[in-house]
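What follows is each chain in one-letter form.
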Amino acid sequence: MSRHALFDLALARALSYATRLAFIDKGLSSKLLYDRLELWYLKTRFAYRIPLEEIVVILQSYPNDGSVWQGGKNGHWQKAEE
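Fair warning: this is a prediction, and the values are worked out from it, not measured in the lab. (Residues numbered from 1 in each chain as written. Predicted model: local features only at pLDDT ≥ 70, side-chain atom pairs only at ≥ 80, totals over all residues. Heavy atoms only, no water.)

A. Inspection of helix 2 (residues 30-43) at higher detail. Under the 1.5 Å per step criterion, the end-to-end length of helix 2 is 20 Å for 14 residues, consistent within 8% with the ideal 20 Å. A bend of about 40 degrees at leucine 37 is the largest found in helix 2. Of the residues making up helix 2, those classed as buried are Leu33, Leu37, Trp40 and Tyr41. Tucked inside the fold, the buried residues of helix 2 contact helix 1 (3-20) and helix 3 (52-60). (Helix = DSSP H or I, 4+ residues; strand = E, 2+ residues; numbered from the N terminus. Expected span 1.5 Å × (residues − 1). Bend = angle between axes of the 7 residues up to and from the residue. Buried < 20%, exposed > 50% of the residue type's maximum accessible area, 1.4 Å probe, protein only. Contact = heavy atoms within 4.5 Å.)

As structure tokens, then:
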């Protein structure tokens, strides 16, 4: 799996977890979002390759419109194709 694909997958999984537990739409600070994602991060086999700090920064920019992250570390949110 390419580094970009791994990064995108980590973001997708983090977003899914944060959405399911309603972390994403509460406007949490970086610290609180980090704290709430830390257990997920520690339990996820592949995510440790992507710094949690980077995941948190990107999740805080989530437009909350069903977009998906694409393009690896330097990617951006894109509308999900239906």
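From this point, the discussion proceeds with the structure in view.
B. Spatial organisation of unusual backbone geometry. Located in the positive-phi region is alanine 22, a residue other than glycine, with phi close to 60 degrees. The topology assignment puts alanine 22 in the loop between helix 1 and helix 2. A residue is classified by how much of its surface remains accessible, and alanine 22, at 27% relative accessible area, is partly exposed. The backbone of asparagine 64 shows a phi angle near 60 degrees, a positive value even though the residue is not glycine. Among the secondary structure elements, asparagine 64 is positioned in the loop between helix 3 and strand 1 (68-70).

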